[in-house]
Amino acid sequence: QAQLVESGGGLVQPGGSLRLSCAASGSIVVVNVMNWYRQAPGKQRELVAAVGRGGTTDYADSVKGRFTISRDNAKNTVTLQMNSLKPEDTAVYYCNADVLTYGSTKFSAYWGQGTQVTVSS
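Residues numbered from 1 in each chain as written. Predicted model: local features only at pLDDT ≥ 70, side-chain atom pairs only at ≥ 80, totals over all residues. Heavy atoms only, no water.

A separate point is the environment of serine 108. For serine 108, the position within the fold is in strand S10 (residues 108–111). Considering only alpha carbons, one finds serine 108 and threonine 56, 52 residues apart in sequence, at a separation of 20 Å. Filtering out sequence-adjacent residues up to four positions away, serine 108 remains in contact with Ala97, Asp98 and Val99. Here the side chain of serine 108 touches lysine 106 through a polar contact of 3.5 Å, side chain to side chain. (Helix = DSSP H or I, 4+ residues; strand = E, 2+ residues; numbered from the N terminus. Contact = heavy atoms within 4.5 Å. Polar contact = N/O pair within 3.5 Å; in protein donor to acceptor, adjacent residues only side chain to side chain.)

Here the focus is the pairing of strand S4 (residues 28–39). Of the strand pairs in this sheet, S4 and strand S9 (residues 91–101) are connected by 9 bridges, and their pairing is antiparallel. Across the sheet, the residue bridging to tryptophan 36 is cysteine 95, located in S9. Alignment of S4 against strand S5 (residues 46–51), held across 5 bridges, turns out to be antiparallel. Each residue of the ladder has a partner; that of tyrosine 37, found in S5, is leucine 47. Remark: 6 residues form the turn of the hairpin made by S4 and S5, two consecutive strands paired antiparallel; glycine 42 in that turn has positive phi of roughly 75°. (Pairing = 2+ DSSP bridges.)

So, about the nonpolar core. Core analysis: the biggest nonpolar cluster contains 32 residues, and Trp36, Leu80, Met82 and Tyr93 have the highest contact counts within it. Considering each element in turn, this core owes the most residues, 5 residues, to S9. (Core = buried A, V, L, I, M, F, W, Y, C linked by side-chain atoms within 4.5 Å. Buried < 20%, exposed > 50% of the residue type's maximum accessible area, 1.4 Å probe, protein only.)

Our focus in this paragraph is the environment of alanine 97. One can find alanine 97 in strand S9. Here alanine 97 falls in the buried class, since its relative accessible area comes to 0%. Alanine 97 sits 11 residues away from serine 108 along the chain, and the two C-alpha atoms are 8.1 Å apart. Other than its neighbours up to four places away in sequence, alanine 97 contacts Leu4, Val31, Val33, Met34, Ser108, Ala109 and Tyr110.

Below, the discussion takes up unusual backbone geometry. Backbone geometry at asparagine 76 places phi at a positive 55°, although glycine is not the residue there. The topology assignment puts asparagine 76 in the loop between strand S7 (67–72) and strand S8 (77–82). Classification of asparagine 76 as buried rests on a relative accessible area of 17%. For serine 84, which is not glycine, the phi dihedral falls at a positive 50°. On the secondary structure map, serine 84 appears in the loop between S8 and S9.

Written out as structure tokens, the structure is:
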């Protein structure tokens, strides 16, 4: 069993910055890929950024050059640095990770509770 907890959301003006963080805890053997998703009202959940255990990253086209994802394998944490924020970035942001737990033979996906990011003047 594992848990993911996000923090760092809030209200910010267009052009501003926020840093989201997510910590995985529990009976963890290893954490594979870690991701940030977001979902705006009336829209489907979309992948924003992903980072592999070795540090390789991938970003949605809409956030390239503005967002940076990183992780700390020793702490089982992932962060999303968001710069030059736009109103279109307003959404609930969710942390997601593939985790192998003790007693399990396969990785399972875990999700955080979500944190609200609102970009408005």
